[in-house]
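# Observations on chain architecture
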Amino acid sequence: AGLHSSAVAKGKLYFGTATDNGELSDTAYVAQLGNTDDFGQLTPGNAMKWDATEPSQNTFSFNNGDVIANLAAKNGQKLRCHTLVWHSQLPNWVSSGSWTNATLIAAMKNHITNVVTHYKGKCYAWDVANEVLNEDGTYRDSVFYKVIGEAFLPIAFATAAAADPSAKLYYNDYNIESPGAKASGAQRIVKLVKQYGAKIDGVGLQAHFIVGSTPSQSSQSTNLAAFTALGVDVAYTELDIRMNLPSTSAQLAQQSADYQSTIAACMGNTRCIGMTIWDWTDKYSWVPSTFSGQGDACPWDSNLVKKPAYAGILAAL
Ligand code: XIL
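What counts and what doesn't
Residues numbered from 1 in each chain as written. Predicted model: local features only at pLDDT ≥ 70, side-chain atom pairs only at ≥ 80, totals over all residues. Heavy atoms only, no water. UniProt positions renumbered as here; feature names shortened; annotations may be inferred. Near = heavy atom within 4 Å. Polar contact = N/O pair within 3.5 Å; in protein donor to acceptor, adjacent residues only side chain to side chain. Areas by Shrake-Rupley, 256 points an atom, 1.4 Å probe, with all protein chains shown as cover. Nonpolar A, V, L, I, M, F, W, Y, C, P; charged D, E, K, R; others polar. Disulfide = S-S within 2.5 Å. Helix = DSSP H or I, 4+ residues; strand = E, 2+ residues; numbered from the N terminus. Buried < 20%, exposed > 50% of the residue type's maximum accessible area, 1.4 Å probe, protein only. Core = buried A, V, L, I, M, F, W, Y, C linked by side-chain atoms within 4.5 Å. Contact = heavy atoms within 4.5 Å. Arc of directions from axis to C-beta.

Per an unreviewed UniProt entry, the protein chain goes by Beta-xylanase and derives from Penicillium bovifimosum. According to its UniProt record, the protein chain has this under Sequence similarities (unreviewed entry): "Belongs to the glycosyl hydrolase 10 (cellulase F) family."

Encoded structure:
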């Protein structure tokens, strides 16, 4: 059995992967992307972000997102929808607009309502808010925080819930995969949203890790338990484990062990409902263009051949 089949057999909802529109002309890539033995869930890497969906105010574009939503439906795969409120990949009209509290709340609600309504019934989950925290657990200085204050979070969750009551609503961030100030900040956000009476169903742990410095299984398990104790689900949402290039066989073996310990942490928590890798092949990974000199972060190499990491993941499932 493959990754998704094995995860489901152990009670998880899915094992999935991110994908992106530019990759979908690669027929060998698309064939494996649709292999539901390995992948029971897709996340669009860019197509549902604000710059893609509302490039100018109140003009919406769903073409790229629809391609991925339709592909997931055709394949019988769940869809994680990503993401509604984020400081990055934000059109200039949002990031540099001259806002008041009232006008930015109205623009944010309009964005959320239109995008969530368009995909209503199609998203297993929405990443409602993404990366709003600094490393020390304080709020990032985004236009949303500066103009609205922390209330932008419960407002965003309440607006998403009204537009699609059946979608699971997540807070999603990186460097919250082991205990510390930033993970505590994410726990504070869960409580904040609930205190306002808004719905939050889960926390997404991006898990963009580095070979050899991936948090240990026990530290990840302790961390997951701290979230699920608040009454929310958790999911690994963007897992990849990068290394310095050129890779060595020792690094590839360590990468396999690091994937295995991360997947094992999720398997050990009944409210860790699924795992998503941030694309499955090094051919299309975001890592080399973002982290200079690093790469080879995925479980399949750039020739679409399985690396030791694949067996590491499977061993934990
Ligand atoms: C990345 C995409 O993979 C890239 O193609 C894009 O250029 C930048 O964004 N955290 C997130 C994702 O939540 O949306 C990011 O995706 C990776 C980091």
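This is not the end of the story, as more comes after the structure.
### Observations concerning the site of the ligand
In the region of the ligand, the neighbouring residues are Asn-46, Lys-49, His-82, Trp-86, Gln-89, Asn-130, Glu-131, Gln-206, His-208, Glu-238, Trp-278 and Trp-286. Gln-89 has a polar side-chain atom sitting 3.2 Å from an oxygen atom of the ligand. Protein contact buries 76% of the 410 Å² of open area that the ligand shows by itself. Partitioning the shell around the ligand into residue classes produces 3 nonpolar, 6 polar and 3 charged.

### Section: the state of the cysteines
All chains considered together, the criterion is met by 2 disulfides. With a sulfur-sulfur separation of 2.1 Å, Cys-81 is cross-linked through a disulfide to Cys-123. Residues Cys-81 and Cys-123 are joined by a disulfide whose S-S torsion is about -85°; by sign, that bridge is left-handed. Taken together, the positions of Cys-81 in strand β3 (residues 78-86) and Cys-123 in the loop between α6 (101-118) and β4 (125-130) put the pair 42 residues apart, joining distant regions of the chain. Among the residues examined, Cys-123 registers a relative accessible area of 6% and is labelled buried. Each disulfide pairs two cysteine sulfurs, and for Cys-266 the partner residue is Cys-272, the sulfurs being separated by 2.1 Å. Measuring the twist about the S-S bond at about -100°, one finds the Cys-266-Cys-272 disulfide to be left-handed. Overall, Cys-266 belongs to the buried group, its relative accessible area being 0%. Of all cysteine sulfurs, the one in Cys-266 lies closest to Cys-298, which takes part in no disulfide; the gap is 18 Å.

### Some points on the nonpolar core
If you look at the biggest cluster of nonpolar residues, it comprises 92 residues, and the most contacted ones within it are Phe-15, Met-108, Trp-126 and Phe-144. For this core, the leading source of residues is helix α8 (residues 152-163), giving 8 residues. Dropping the residues within four chain positions of it, Trp-126 is found in contact with Met-48, Cys-81, His-82, Thr-83, Leu-84, Val-115, Val-116, Tyr-119, Ala-167, Lys-168, Leu-169 and Tyr-170. Counting 6 residues, the second-largest nonpolar core is a separate cluster that includes Tyr-124, Ala-125, Ala-235 and Ile-273.

### Some points on helix α13 (residues 308-316)
Residues of α13 that are buried: Ala-309, Tyr-310, Gly-312, Ile-313 and Ala-316. When α13 is viewed along its axis, its buried side chains cluster within an angular range of 160° and face the same direction. Residues of α13 that are buried make contact with α1 (3-9), β1 (14-19) and α11 (249-267).

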